[in-house]
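Results of the structural survey
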Amino acid sequence: MIEISNVRKNYGDTIVVRDVSLQIPRKGITSIIGPNGAGKSTLLSMISRLLPLSAGTVTVDGLDVTTTPSDVLAKRLSILRQDNRVGSRLTVRDLVEFGRYPYSKGRLTAEDRAQAARAIGFLGLEALADRFLDELSGGQRQRAYVAMVLCQDTDYVLFDEPLNNLDMKHAVGMMKLLREAADALSKTVVLVLHDINFASCYSDYIVAMRDGTVVRHGSPQEIMTSEAIREIYDMEVEIQETQGRRISIYYT
Amino acid sequence: MKFPLAVSAVIILASISLLVGAGDLSLTALLWPQEGQHATQILLISRIPRTLALILAGAAMAVAGTIMQALTQNRFVEPSTAGTVESASLGLLTVTLFVPDSPVIVKMLVAAGFALAGTALFLRILKLVPLRSVLTVPLVGIMLGGIVGAITTFFAYRFDLLQSLNAWTTGDFSGVLRGRYELLWIGLALTLLAYFVADRLTLAGMGRDFSTNLGLRYRSIVSLGLIIVSMVTAIIVVTVGMLPFLGLIVPNVVSLMMGDNMRRSLPWIAVLGAGLVLVCDILGRVVYYPYEVPIGTIMGIIGSALFLFLLLRGRQRLA
Amino acid sequence: MRENRQPIRALLILTALTVGIITLFMSLNVRGQWDFILTFRGTKVLTMALVGYAIAVSTVLFQTVSHNRILTPSIMGFDQLYILIQTSLVFTIGSAGLTALDPRLLFAFNVGAMVVFSTALYRWLFSGSSRSLHLLVLVGIVFGVLFRSLSSFMQRIIDPNEFVVLQDRLFANFNTIDSNLLGIAVATILIASFFGWRLMHVYDVLALGREASINLGLDHGRIVTVILMLVAVLVSVSTALVGPVTFFGLLVANLAYGIAGTHKHRFVLPVATLLAVICLIGGQLILERVFAFDTALSIVIEFVGGIVFLALLIRGVAR
């Protein structure tokens, strides 16, 4: 379980995340939604110790992220931020194998290599394994990063906007894959998502943020109501139920 | 598979380097020494040290350039485009002024300290620059180098040390003799250290977030990298003078060949760096025989021409 | 109304300052023969005024053509190109023939070759529509290094034993001002200024950018060529007289934009010129009389100029 208590982030007088307390349950997919500037990405970065906290504590399975050694955390939790621009010319295989770094420290065992090959296969990247990252399209690169993070094989996997750069087909493919990771590999997946319909269709739990605070949290059923969306986004939407899933119609 | 080929090429170049020069030295003279010839002495006192110095300096500088590029995540940075060289010269000038009789290792350490401070300042300034484009980074470095260089020149001029300053800033191996190059073995040790932490340096090259996610302490690897780069630069400035663009050309070429996974690429970078330096030095020795053109000048021509090629070739990608 | 008055007031104040500084420079600490000292110092003042004018005007015009505030002819390697051409000429004639040749004839050759080569090279660089500014700067700097290395290579080959002597005799700097050339320099500048003056109405339009000026009916390509030729001539004059000064133009031009408070060239150009003259003569005066250093002026200019350049990058002027 990820336990967030009284976490705050401020830059001088600007408060980005204000005293958030939240528990993210083990197993399944938790999506964080909310308008631009709500503090979603900042919160995710603080959970994953990429950004220091201004106040409060975050613990992952009881390990405090600010005091636990980074290499210990790297075996529990992995994070992929959005807009990754890796300038290094690495092959997809190199990149994915680096996901084993927390365990191998650079000396790859046969088991590490097998794990990397599985992750590459999981993301359907076999044909591209020996290509350099800078020769791939944005969507292929995004899949390579996801493969690396999955190869890290941590209980908690955090993604900031994993659907960036992906077209319709690949976006759905990615969400299905994350669902599979949660169900078959029993991982805890935490996502920041822009598209509330994806959040609705694939998450077990939704956290809605606005102005640096958590305004609502609950099951997709509880969040996907006209009233809740109005509170989160200041927007009137119609919620329709199709095939047992709640979809918001917000295009017109 | 091709690596042994590259190594043999360097060995051939090294043998040529042993035989080429102003003093008469041929295989026959070596094998059947005659009265009044000093072939063996030339070999032991001058040629072998010079050739070793070339190999050590070339390998260390090329690797230092690679490390700089990983730490700044920028292809166009190396010690001479980051203010490192100029800072090392300033340090060397300072120690020459205040403690002129200090042993060479002390001078080297002071120069390394200055180089470290200068490079850290460079990274600090980079954080201040808004909208960093790929090319602002070396631009900032070159300007910083210019400023530090102006300070150094000013004091060198005041205290009549311009000639020494010139020796530090233009590479020249013609003065390398037994007893005057051994510091470069430390450079080899640092190169090996870099190879030992190659995985961590590669990770650091992927950026702070990536490396933190994988449990790396980003700050400490950056510090280690900076220390290696500063020491190598200082050693080279103290012993043979600066080799411009070497740390830029070789890593870029190797990166195109085989990518940036340093576990694989560092041996290549070291070997090709040594090879390029050998070629340039041999050229400098034969192009206007029996006079020598310093390697700094030759590298300046070849290096800047290749750098221009790299810049203008990837134009669309950079713009 | 205030906007109209500021440039005029700035011009008046600067003119007064210039006159004051020249008077001070001519009359301070005169002992002994007035006529000798007046000629001696008069030559110096005239040289510095010419250099100031050449650098200020060439930089402002170059920045107008390239639409930015950080590129200057010297940063783009114009000075080094001039020196390279000069060295190549000497190289072909041979150092023996050099003494027989009238330096003014050599200068005329130099300027001619400079105009041809620089216009060709930089038109090629500027011809692409979407070159990033930072790429241009970096390419220019590296061109500078290439030209400098080539020159120093050729100087070695001309006479390796007297390399340093040759370097001093051939190439002027602030302490060995080449006043033999004053006459022809004045004539060259007058002719260039005549052509420059006739284009005065075009500069402000040109500053709007390529598309805008074509839309307003300008023959953009032709005018850019003419201006580049003009710049080449001006840079030749200043480099022939005092050697390369990398950052001075940048400093003066950016100060001038601020002080003039307008972008109209008929104000910016004279303001920049006066500023340049004040800085050169004033700087020389202070360094010579107050600190008793005689040759540090170019070093100080590099130092201050480098800092200004970094500040411009940090403030994001150079996008």
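As shown above, the structure is provided for reference.
Structural notes, computed from the coordinates. (Residues numbered from 1 in each chain as written. Chains lettered and ligands numbered in written order. Predicted model: local features only at pLDDT ≥ 70, side-chain atom pairs only at ≥ 80, totals over all residues. Heavy atoms only, no water.)

1. A closer look at the side chain of Thr84(B)
All names here are of chain B. With respect to the helices and strands, the residue Thr 84 is situated in helix α4 (residues 84–98). What makes Thr 84 buried here is its relative accessible area of 0%. Beyond its immediate sequence surroundings of up to four residues, Thr 84 is in contact with Met 68, Pro 79, Ala 115, Thr 119, Val 229 and Thr 233. (Helix = DSSP H or I, 4+ residues; strand = E, 2+ residues; numbered from the N terminus. Buried < 20%, exposed > 50% of the residue type's maximum accessible area, 1.4 Å probe, protein only. Contact = heavy atoms within 4.5 Å.)

2. Side note on the arrangement of the chains
A comparison of contact numbers over the two pairs of chains in contact places chains B and C at the top. In this assembly chain A lies apart from chain C, the nearest approach of their C-alpha atoms being 18 Å.

3. What to know about the pattern of salt bridges
The tally for this structure, following the rule as stated, stands at 27 salt bridges over all chains. Note that Glu231(A) and Arg216(A) form a salt bridge whose closest N and O atoms lie 2.8 Å from each other. Highlighted residues: Glu231(A) in helix α10 (residues 226–233) and Arg216(A) in strand β10 (residues 213–218), separated in sequence by 15 residues. A salt bridge links Asp260(B) to Arg75(B); the nearest nitrogen and oxygen atoms lie 2.7 Å apart. Taken together, the residues span a long stretch of sequence, with Asp260(B) in the loop between α12 (246–258) and α13 (262–286) and Arg75(B) in the loop between α3 (39–72) and α4 at a distance of 185 residues. (Salt bridge = Lys/Arg side-chain N within 4 Å of Asp/Glu carboxyl O.)

4. Description of the interface of chain B and chain A
Facing 23 residues of chain B, the contacting portion of chain A comprises 31 residues. Both sides together, the interface formed by chain B and chain A hides about 2200 Å², and carbon and sulfur atoms give 55% of it. Looking at the side of chain B facing chain A, the largest losses of area belong to Phe210(B), Asn213(B) and Leu214(B), adding up to 29% of the total buried there. For Asp209(B), the salt bridge identified is with Arg81(A), shortest N-O distance 2.7 Å. Between the two partners, chain B and chain A, sit 11 residue pairs in polar contact (both at pLDDT 80 or more). Examining the composition of the side of chain B that touches chain A, we find that five residues originate from one element, helix α9 (residues 198–205) of chain B, more than from any other. When grouped by side-chain class, the residues that make up the side of chain B that touches chain A number eight nonpolar, eight polar and seven charged. (Buried area = accessible area lost by both parts, 1.4 Å probe. Polar contact = N/O pair within 3.5 Å; in protein donor to acceptor, adjacent residues only side chain to side chain. Nonpolar A, V, L, I, M, F, W, Y, C, P; charged D, E, K, R; others polar.)

5. Some thoughts on unusual backbone geometry
It is generally the case that most residues other than glycine have a negative phi and that most peptide bonds are trans. All names here are of chain A. Of note, Asn 6 is a non-glycine position whose phi angle comes to about 50 degrees, a positive value. If you trace the backbone, Asn 6 turns up in strand β1 (residues 2–11). On the accessibility criterion, Asn 6 (46% relative accessible area) is partly exposed. In this structure, Gln 243 takes a positive phi of about 50 degrees despite not being glycine. Taking the relative accessible area as the measure of exposure, Gln 243 reaches 77% and is therefore exposed.

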